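Structural overview
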Amino acid sequence: MNEKMPNPSLLSGLFWFLATLSWSAPLDATVFYIANSGSDDATGLSPDAAWKTFDAIKRTPYVWRPGDTFSFRRGDVFRGQLDLNWTAFSGTAQLTTYGSTSDAPPVISGSVLVPGGAWTAPSGGNSVWRLSVASTFPSDPTLGDSIKNVFYNGRRMVRARWPNYLWSARQAQFASASAAGTTSISSSGFTATNNGRFVGGTVVFRSSESSYTSSLVTSYAYSAGVGTLTTVDPVASVLRPTSSVGFGFFVENVLDELDQPGEWFYDPVTKLLHIWPLDAGSPSIDTVELSVYSYGVSFTTGSQMFRSSGLQFDQQVQAGVFLPRVSNATISNCTFSNQEYAGVLAQTFTNSRVDTSVFRDIAGQGIVVGRSGSTLSQLVSIVGNTLTDIGLLEGQAIDVSTGVSGTGLQLMVGAATIASNRIERVGYHGISVAGSSSGGVVTLQDNRIVEAGATLSAASGIFVSAAPLGGSIANTTIERCWGNIRGVGARVNNQPAPANVFGIQLSGS
């Protein structure tokens, strides 16, 4: 019998067609459109009937289905937090874009915009502008208490502090401790004029070569040329309890220290925000944004699938995207900027990937996968991303469990591929991987890391702790890892601390 065999090219085409179907939205899935020119009273079912804000998504009685998509118009800015609680199905939530490709990506912003006419101009010869937050945002009387950062024309300001932040070098200045107890810091750098100023502020203390601690100041006393702060929480390092001499600190969030451009202070009693504009600007005509929303997109429950492509997440208090427990998630071609803690924060991120995305100007970490106590993520791919200027603000976005910040990729994984990422100018480690030596494979290849350890010492280009069996590091470039010892005092034996840095450090592997 002469049977005609199937054409191999047809079989190949059929395979990819079926594969495409398996990754496409179900036929009954719906695309919802969101645009600044839309209306929350519209249907959201077409660009001409687009919704305007996240409120329409939250209040709609529609039952979300697998594959439903929210499509944001390019060139628009959407302020607020999109909370997705889709427990009724096992499907994929998708965020995409529409509109002209020549327009900028749509921005999901974690800040509110201050109207120019709401400001009170300086008086009495100073340069400080004031804003009644309660009067400006009457629908949310507690909004002021949520302010984490203030951005002036897109630049992050710093809280009013002593000693002043050095804008020309983009770095903190430190006073030097002459002594430090568990909950106290003494310094001859203080003066009598500091009396009463620091109470209620926050002291940020460089407690070791690789960590900062911070605490509320409860009292201040000055005698015989030495001032002493008392704090609520411990500030001296538990690693060197016998000697904190020479270690650096600054005190922030103090109204009386608002004395230079780029500083701000919020008074929770009067609900007044005080700022000294950057570049001799005027907030009545310039753009001032207050970072108040924790996340750009947040899943309020676990076991979800998620895909996001082509969006920018900006100025969130915690993270641009927060995923408590996901599988088959993809974050692709997105931009994350000006977050406080992380660009992407995923507690469990199994069979998921972040690729070809940009992370920049983030106070804490770029990507965080896994946290203490969470299940190790498996089959994680972090590929082709660019991370720059991560964790460069000393003492900000401190992880309370570790005292550190400034790692480009901070991953707790059982099996992962970390490849073709470019990481440049990070405060601590370029890549930090923790896992389990009992199984799994972590592959790091074709990564380039430049200038790790920009704000902390004891840093590494790549730091691996409890490496999974069978892991490998290949074709990796690590250069100019500095290690920063500014604010680091003498060691216990009174020898100056060296700038300890490592290209690759394996610990417990």
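Residues numbered from 1 in each chain as written. Predicted model: local features only at pLDDT ≥ 70, side-chain atom pairs only at ≥ 80, totals over all residues. Heavy atoms only, no water.

The subject of this paragraph is the overall build of the protein chain. When you go through the protein chain residue by residue, the secondary structure sums to three helices and 47 strands. Expressed as a percentage of its 509 residues, the buried residues of the protein chain come to 51%. Sequence-distant contacts in the protein chain: of pairs separated by 6 or more residues, those separated by 24 or more amount to 69%. When the accessible surface of the protein chain is split by element, carbon and sulfur atoms take 53% of a total near 21,400 Å². (Helix = DSSP H or I, 4+ residues; strand = E, 2+ residues; numbered from the N terminus. Buried < 20%, exposed > 50% of the residue type's maximum accessible area, 1.4 Å probe, protein only. Contact = heavy atoms within 4.5 Å. Areas by Shrake-Rupley, 256 points an atom, 1.4 Å probe, with all protein chains shown as cover.)

Backbone geometry follows two general trends: most residues other than glycine have a negative phi, and most peptide bonds adopt the trans configuration. Of note, the amide linkage connecting tryptophan 162 to proline 163 takes the cis form, showing an omega dihedral of -10 degrees. Tracing the backbone shows proline 163 in the loop between strand E13 (161-162) and strand E14 (175-176). The phi dihedral of threonine 356 falls on the positive side, at around 45 degrees, and the residue is not glycine. The topology assignment puts threonine 356 in the loop between strand E33 (352-355) and strand E34 (358-362). With relative accessibility at 43%, the residue threonine 356 sits in the partly exposed group. Here arginine 480, not a glycine, exhibits a phi torsion of approximately 50 degrees, which is positive. Along the chain, arginine 480 turns up in the loop between strand E46 (477-479) and strand E47 (501-507).

Our next topic: the environment of aspartate 361. Tracing the backbone through its elements, the reader meets aspartate 361 in strand E34. For aspartate 361, a relative accessible area of 27% puts it in the partly exposed group. Residue contacts for aspartate 361: discarding those within four places in its chain leaves Arg156, Arg170, Ser337, Asn338, Gln339, Thr388 and Asp389.

Our focus in this paragraph is the pattern of salt bridges. One pass over the full model with this rule turns up 15 salt bridges. A salt bridge links arginine 425 to glutamate 424; the nearest nitrogen and oxygen atoms lie 3.3 Å apart. For glutamate 424, a relative accessible area of 14% gives the class buried. Linked through salt bridges whose partners overlap, the residues forming this network are Asp389, Arg422, Glu424 and Arg425. (Salt bridge = Lys/Arg side-chain N within 4 Å of Asp/Glu carboxyl O.)

Aromatic ring pairs are reported here in terms of the distance separating the ring centres and the angle at which the planes meet. Counted according to the given criterion, the structure contains 19 aromatic pairs. Ring plane angle 90 degrees and centroid distance 5.1 Å describe the contact between tyrosine 33 and tyrosine 98, whose orientation is recorded as edge-to-face. Of this pair, tyrosine 33 sits in strand E1 (residues 31-34) while tyrosine 98 sits in strand E5 (residues 92-98), placing them 65 residues apart in sequence. For the pair shown, tyrosine 33 and tyrosine 98 are each scored as buried. With 6.5 Å between their ring centres and 40 degrees between their planes, phenylalanine 205 and phenylalanine 247 make a pair best called tilted. (Phe/Tyr/Trp six-rings, centres within 6.5 Å; stacked < 30°, edge-to-face > 60°.)

Once that is clear, we can look at the sheet that holds strand E8 (residues 119-120). Here five strands make up an open sheet; going across it, the order is E8-E9-E22-E21-E12 and the pairing mixed. Of all the strands in the sheet, the pair left with one neighbour each is E8 and strand E12 (158-159). (Pairing = 2+ DSSP bridges.)

Let us look at the side chain of glutamine 260. As for its placement among the helices and strands, glutamine 260 is situated in the loop between strand E20 (248-252) and strand E21 (263-267). Among the residues examined, glutamine 260 registers a relative accessible area of 15% and is labelled buried. At a separation of 2.9 Å, a polar atom in the side chain of glutamine 260 contacts the main-chain carbonyl oxygen of tyrosine 165. Among all residues touching glutamine 260, those that are not within four sequence positions of it are Asn164, Tyr165, Trp167 and Trp276. (Polar contact = N/O pair within 3.5 Å; in protein donor to acceptor, adjacent residues only side chain to side chain.)

Within the largest apolar cluster, 55 residues are counted, with the highest numbers of intra-cluster contacts made by Phe70, Phe72 and Phe306. Of the residues forming this core, the biggest block, three residues, is contributed by helix H2 (residues 54-59). Setting aside residues up to four positions removed in sequence, phenylalanine 306 forms contacts with Thr92, Ala93, Leu95, Val297, Phe299, Val321, Leu323, Asn328, Ala329, Thr330 and Ile331. (Core = buried A, V, L, I, M, F, W, Y, C linked by side-chain atoms within 4.5 Å.)

Our focus in this paragraph is the side chain of serine 332. Within the secondary structure layout, serine 332 lies in strand E29 (residues 330-332). Discounting chain neighbours no more than four positions away, the residues touching serine 332 are Ser308, Ser309, Gly310, Asp355, Thr356 and Ser357.

So, on to the sheet that holds strand E35 (residues 365-369). Spatially, the nine strands line up as an open sheet ordered E4-E24-E27-E31-E35-E38-E41-E44-E47, and their pairing is parallel. Of all strands in the sheet, those with a lone pairing partner are strand E4 (82-84) and E47, marking the two edges. Adjacent strand axes in the sheet meet at a mean angle of 5 degrees, parallel and antiparallel pairs treated alike. Summarising the sheet, strand E27 (residues 319-323) and strand E31 (residues 342-346) pair through four bridges and their orientation is parallel. Bridge pairing in E31 places leucine 323 opposite alanine 346. (Axes fitted to C-alpha atoms, helices over the stretch in contact; angles between N-to-C directions.)

As a general feature of sheets, a regular strand has side chains that alternate between the two faces. For E29 and E33, the ladder comprises three bridges, and the chain directions are parallel. Residue pairing for E33: threonine 330 is matched across the bridge by arginine 353. Examined bridge by bridge, E33 and strand E36 (residues 380-383) share four bridges and lie parallel to one another. Counterpart to aspartate 355 in the pairing with E36 is valine 383.

Per-residue pLDDT for the protein chain averages 84, and the proportion of residues at 70 or more is 83%. Low confidence marks residues 1-25, where pLDDT is under 50. Its contacts with residues over four positions away, or in another chain, come to four contacts. Segment residues 238-242 is flagged for pLDDT under 50; beyond a separation of four residues in sequence, or across chains, it makes eight contacts in the model. (pLDDT = per-residue confidence, 0-100.)

Here the focus is the environment of asparagine 475. Locating asparagine 475 in the fold gives a position in the loop between strand E45 (472-474) and E46. Between the C-alpha atom of asparagine 475 and that of glutamine 445, which follows or precedes it by 30 residues, the distance is 5.5 Å.

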